[in-house]
Amino acid sequence: MTDTKTLDQVGGKRGYLLPYHRMLAAYDGELLAKYDAFYTRLTLTQKTLTDREKEFVWVTLLVAVREGHGTLHLRRADAAGLPRAHMHIAINLAGIAESRPATAFAKQYWKDWAPDADMDALYFANIAAARGDVPEALVELALATAHASKRDAASLQMHIKRFFAAGGKPAALVEALAFLLLPCGGPTLIDAVDAWAEAAADGKIPSPF
């Protein structure tokens, strides 16, 4: 029998119902209730990030993983007052993150024409040009999450260090990386946390635990 009470609670809280909400309500209402509690804590509850910051990261992440089912985050961004220009910056940052493998390729195979310093400077110049008036720490947080979604440990570690150098808080990084659980799954988050722990091994940046 469909657990209509839990289903109504989920729909009332979010303003929408997804197919898997209906499926779980029909066959495993307890799982739906526990999942809803998890989801609420993961991305609906106000923690370290403001609603605008949270949806800025979400937009970058969703573009990075090409997740077309994430339009609810665009509506939440609008509701939170995220300027449309900032939404476009978030989209652009996902594209810039994808340029990193290209510069890495050039550094590896064409060192005489594309030395490390020049390729790194090009990447960082693209970020600076795209950033606009978005705080540096938020830009670095979004880029860290985008690279984490690709399981690019080296780029993730670089942006984690830049995030902390810009004054970012560990709790904000935890909050953003946890978003990976929905579009990418637990194994991707495992790799991201491992990469962070490795980057923090010398004690120069905060550790994830």
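Structure: above.
Read on for an overview of the structure. (Residues numbered from 1 in each chain as written. Predicted model: local features only at pLDDT ≥ 70, side-chain atom pairs only at ≥ 80, totals over all residues. Heavy atoms only, no water.)

**Digging into the pattern of salt bridges**
Where charged atoms from two side chains of opposite charge approach closely, those side chains can pair. Using the criterion set out here, one finds ten salt bridges in the structure. For the salt bridge of Asp120 with Arg100, the shortest nitrogen-to-oxygen distance reads 3.2 Å. With Asp120 in helix 7 (residues 116-131) and Arg100 in helix 6 (residues 84-109), this pair connects stretches of sequence that are 20 residues apart. We classify Arg100 as buried; its relative accessible area is 10%. A salt bridge links Asp191 to Arg151; its shortest N-O distance comes to 2.8 Å. With Asp191 in helix 11 (residues 186-199) and Arg151 in the loop between helix 8 (136-149) and helix 9 (153-165), the pair connects residues that are 40 residues apart, well separated along the chain. With a relative accessible area of 46%, Arg151 lands in the partly exposed category. What you see here is one network of salt bridges that share partners, running through Lys13, Arg14 and Asp36. (Salt bridge = Lys/Arg side-chain N within 4 Å of Asp/Glu carboxyl O. Helix = DSSP H or I, 4+ residues; strand = E, 2+ residues; numbered from the N terminus. Buried < 20%, exposed > 50% of the residue type's maximum accessible area, 1.4 Å probe, protein only.)

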